[in-house]
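# Report on the structure
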Amino acid sequence: MAQQQIWYGGDYNPEQWPQAVWAEDVQLMQRAGVNMVTLAVFSWGLLEVADDQWDFGWLDRIMDQLHQGGIKVDLATATAAPPAWLVRAHPEILPVAADGTRLEFGSRQSYNPSSATYRAYATRLTRKLAERYGSHPALAAWHVGNEFGCHVARDYSAESAAAFRGWLERRYGTVEALNQAWGTAFWSQHYTAFDHVEPPRATPTFPNPTQLLDFDRFSSDALLECYLAEVAVLREVTPGVPITTNFMGFFKPVDYWRWAQEVDFVCDDAYPDPADPASPGLAAMMRDLMRSLGGGKPWILMEQAPSAVNWRERNAPKPAGQYRLWSLQAVARGADGVMQFQWRQSAAGAEKFHSGMVPHAGTETRVFREVEALGAELKSLAGLVGSLCEPSRVALVLDWDSWRALEQAAVPASLDYVAQLQRWHSAFWRRGLGVDFVPPEADLSAYDVVVAPAAHVLSQAARQNLAAVPGRGGQLVVAYQTGVLDPDLHVLLGGYLGAELREALGVWVEEFAPPALVAGQWVPELALDGLAAGPATDWAEVLHAVEAEVLATFRAPGALVDGQPAVTRRPAGPGAGAGGAWYVATAPAALDALAAAILEAAGIAAPLLPAGVEVARRGGRTFVLNHALEEQRVAVDGAAVVVPGRDAAII
Ligand code: GAL
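Computed from a prediction, not measured in an experiment: that's the story for all the values here.

With that out of the way, let us pick up the overall build of the chain. Summing up its helical and strand segments, the chain has 17 helices and 30 strands in all. Taken over the C-alpha trace, the chain has a radius of gyration of 26 Å; the compact-globule value for 651 residues is 26 Å, and the two agree within 12%. The principal-axis extent of the C-alpha atoms belonging to the chain is close to 75 × 70 × 50 Å. Across the 651 residues of the chain, 58% fall into the buried class. Here the chain has roughly 24400 Å² of accessible surface; of this, 53% comes from carbon and sulfur atoms. Across the chain, the 49 positively charged side chains and the 73 negatively charged ones have centroids separated by 5 Å.

Structural data, given as C-alpha cells:
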C-alpha cells in the first residue's frame, strides 16, 4: 500500500442518514483527522434494488464527496447481507443450523457459504462495483464481504452436505482412506460410499471426532472459496487495487494461517471488554497474532469501538484515555491503521446502542473530543507507517487443528485453548517482549524460545520441526496436551508426544490426571516444589523423566502425581550451546519464575515490568503504555520514564 498516514476513520454507513447529513459528516471527518472510511459493507439491498436492477447514484455521490474532502475509501463488496428479494426468490441460500433450523432473513449474513446461487449473485455484485469504482480516485482498497464466518461459520444444508462430500473425496480419494482416517471401526461407523456421509448434525451422543474436525476444516475452506470467488473478479477487473477482509482475532472457525495467504494486507476487528482488567494483555496478544499472520508486515486495526459495544450482557464504555491507549497499543504492535466501528452512531437498528465516533449526543462530547485528539496524535506518528516492530525472539505455536481438537467433547478435561496461549503470552508481555505466533511447521530458526502449549495435534513434520529447536541452541518449551494426536486425531501411542519429542524432551507421559473443579475448588489441589514453587491449576499427568533433569515436582497428597515430576529440562547434546528442551506438565501459578528461567537460558534479559505497564518497540520508537490507574515509573534503556495512569509515553 502506498500509504503516507496512519489510516484513521471507520465504517461509514451514510445510507442510514438523510443526504443532508453527509456534508456535515465529511466536515467532521476532516476535523477529526479521518483519512479513510469503510463504505457499503451492508448496502447490497440499496445498490441492487431488484434482480439485476441497480441504483448506484447515492454511492456515486458519497464517493465523490469523500474524495473532495480528501478522504479515501476502503470499499466493501457489499456481499455480507443479501437483500430480501434475493432470499425470497432463492430461499435455498438461507443457512441451516445443526439441528435443521433454517435461519431466516432479517439480520445479516443470511447465506450459506456453499450456495452456488449466493456466490453467483455475490460475484455479479462484486463485478458491478469493481467496474464502476475501480478507477475512482477515492478507492484505496477492496473490503471483501465482512467478518467471514462471524455468525454462520458452519452450514448444515443439503447443498453444504454435498459440498462436504466433494471435499472429502478430494481429500481422501477412496472411502477406505476416509474410514481409516476417521477410525470408523469404532461404533460401527464404517462407510461403503461417500454418498452415505453427512455433516455432523445433531447426533444421539458424541459424533466421530475426525468427522467433526473435517467438517470444521471444510467449513473454513467453504468460506474461503466464497472470499476467493470475489477476489478473482476483483483481480481481473481492478488489478493493482489491494484486497482484504477483516479477521476477528482468535477466531476458532476460520484458519487464519490459510486465509492470511490470500489477503494483500491483514486486518483485524478487536473488541476487548473495557471492563475486564485482563483486556490489555489479551489485546496485545491479538495484535501480535495479526502481525504474525502478515509475516511481520504492518496490519490494519479495521474495527474497534470508540467506547461501548452493544452485544455483551452489560456494555461498559471505555473510560477516558482507554480509546487512545488501546489504539496506540495497536500501532506499537505493528498497526498502520486505527479504524472504528462506526463513524456515526446509528439511530435505528440492532446496533443503535453501539458507540460511534460521532455519538448520539453530537460533537460536544467526551467521545468526540477523544476521537479528535487521537486523529491529531496519529497524524504526528505518520513517520511510523511501513515500519516494522522489533524482531521477536520468542515464538508461540498456534494451530487451528489443535484448537478444534482440544476443545472437542469426550476428552480428559475441557481446556480453553486460547487461555493456554494467553498464559504464556502474558508471561512474556509482562516483560516487554514481543511474541510471534507461528504454525507448527514454520521455519523456527529466527527464535531463541519456542513455546508449544496444548499443541494437541502435530504432524510428524511438525514434531521433527519442534524437536530440532534445542539442537541448534534454542529453548523448546512444550506444555501439557501437546503432541497427543496426529492430524487424523489418532493417538500417538507409547507415551504420547511422538517419538521425536519424547527423545528431544527426554520424557514420556504415562497417564493424564487433570484435577476436577468441584464447587470451585481444584481436586486434588496441586502445588509445585522446586522451580515455580506454589499452586498449580488446570492439569496434571504422570510424567516420566528418562533423560531430563527434574526442576519441579507435584505436591498433591493422596493423588497419583504426588512427588512426581512436573517441570523438566533436557539440555541439548554437546555442540548445541545452551539449547534445552523443557516440559511443563501443569499450569504453575508462578509462571513468571519459570519464564524467567527459560529466558535466562536463552540469554534474553527482560525484567518484569510494573503491573499494567506494557513496553513495545517499533520503527525506532519505544512505546510505554500504562494500563494501570496509578502513575508508574519504568526504566527504559537505562532511563527512568514516568507515565501517568492510563496514559502513554512514546520515546
Ligand atoms: C463487527 C462487525 C460490525 C459491527 C461490529 C459491532 O463484528 O463487523 O459490522 O457489527 O461488530 O461491534
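There is more to say after this.
On to the sheet that holds strand 27 (residues 621–626). Across the sheet, which stays open at both edges, the three strands sit in the order 26-27-30 with antiparallel pairing between neighbours. For this open sheet the edge positions go to strand 26 (613–618) and strand 30 (647–650), each flanked by a neighbour on one side alone. For this sheet, the mean inter-axis angle between neighbouring strands, taken without regard to orientation, is 15 degrees. Relative to strand 30, strand 27 runs antiparallel, the two being bridged by four bridges. For Phe623, the partnering residue across the bridge sits in strand 30 and is Ile650.

With that settled, the discussion passes to the site of the ligand. Lining the immediate environment of the ligand, one finds Phe42, Arg108, Asn146, Glu147, Asp269, Tyr271, Glu303, Trp311, Phe341, Glu351 and His354. Between an oxygen atom of the ligand and a side-chain N or O atom of Arg108, the distance comes to 2.9 Å. Measuring from an oxygen atom of the ligand, one finds a side-chain N or O atom of Glu147 at 2.3 Å. Protein contact buries 95% of the 310 Å² of open area that the ligand shows by itself. The class makeup of the residues in the shell around the ligand is four nonpolar, two polar and five charged.

A few words now on the side chain of Arg119. Of note, Arg119 is situated in helix 5 (residues 116–133). Polar side-chain contacts of Arg119 include one of 3.3 Å to the backbone oxygen of Ala222. In this structure, Arg119 is in contact with Pro113, Ser114, Ala222, Glu225 and Cys226, ignoring residues within four places of it in sequence.

Our next topic: the sheet that holds strand 19 (residues 526–530). The 10 strands are arranged 13-12-14-15-24-23-22-19-20-25 in an open sheet whose pairing can be described as mixed. In this open sheet, the two edge strands, each paired with only one partner strand, are strand 13 (435–438) and strand 25 (587–588). Here two bridges tie strand 20 (residues 534–537) to strand 25, and the two strands are oriented antiparallel to one another. Paired with Thr537 across the bridge in strand 25 is Ala587.

Before going further, it helps to examine the packing of helix 10 (residues 279–293) against helix 14 (residues 417–429). Packing of helix 10 against helix 14 brings their axes to within 10 Å, and their N-to-C directions diverge by 95 degrees. Taken together, the axes of helix 10 and helix 14 are roughly perpendicular relative to one another. Where helix 10 approaches helix 14, its residues Pro280, Gly281, Leu282, Ala284, Met285 and Asp288 are matched on the opposing element by Val418, Leu421, Gln422, His425 and Trp429. When the residues that make up the contact of helix 10 with helix 14 are grouped by side-chain class, the tally is seven nonpolar, three polar and one charged.

Right, let's talk about the side chain of Ser307 for a bit. Inspection of the secondary structure puts Ser307 in the loop between strand 10 (299–303) and helix 11 (322–332). Taking the relative accessible area as the measure of exposure, Ser307 reaches 7% and is therefore buried. Discounting residues that sit within four places of it in the chain, Ser307 has contacts with Pro274, Pro317, Lys318, Ser355, Arg366 and Val367.

Basis of the calculations
- Residues numbered from 1 in each chain as written.
- Predicted model: local features only at pLDDT ≥ 70, side-chain atom pairs only at ≥ 80, totals over all residues.
- Heavy atoms only, no water.
- Helix = DSSP H or I, 4+ residues; strand = E, 2+ residues; numbered from the N terminus.
- Rg over C-alpha atoms; globule rule 2.2 N^0.38 Å.
- Buried < 20%, exposed > 50% of the residue type's maximum accessible area, 1.4 Å probe, protein only.
- Areas by Shrake-Rupley, 256 points an atom, 1.4 Å probe, with all protein chains shown as cover.
- Lys, Arg positive; Asp, Glu negative; His and termini not counted.
- Charge placed at Lys NZ, Arg CZ, Asp CG, Glu CD.
- Pairing = 2+ DSSP bridges.
- Axes fitted to C-alpha atoms, helices over the stretch in contact; angles between N-to-C directions.
- Near = heavy atom within 4 Å.
- Polar contact = N/O pair within 3.5 Å; in protein donor to acceptor, adjacent residues only side chain to side chain.
- Nonpolar A, V, L, I, M, F, W, Y, C, P; charged D, E, K, R; others polar.
- Contact = heavy atoms within 4.5 Å.
- Parallel < 35°, antiparallel > 145°, perpendicular 65-115°, else oblique.

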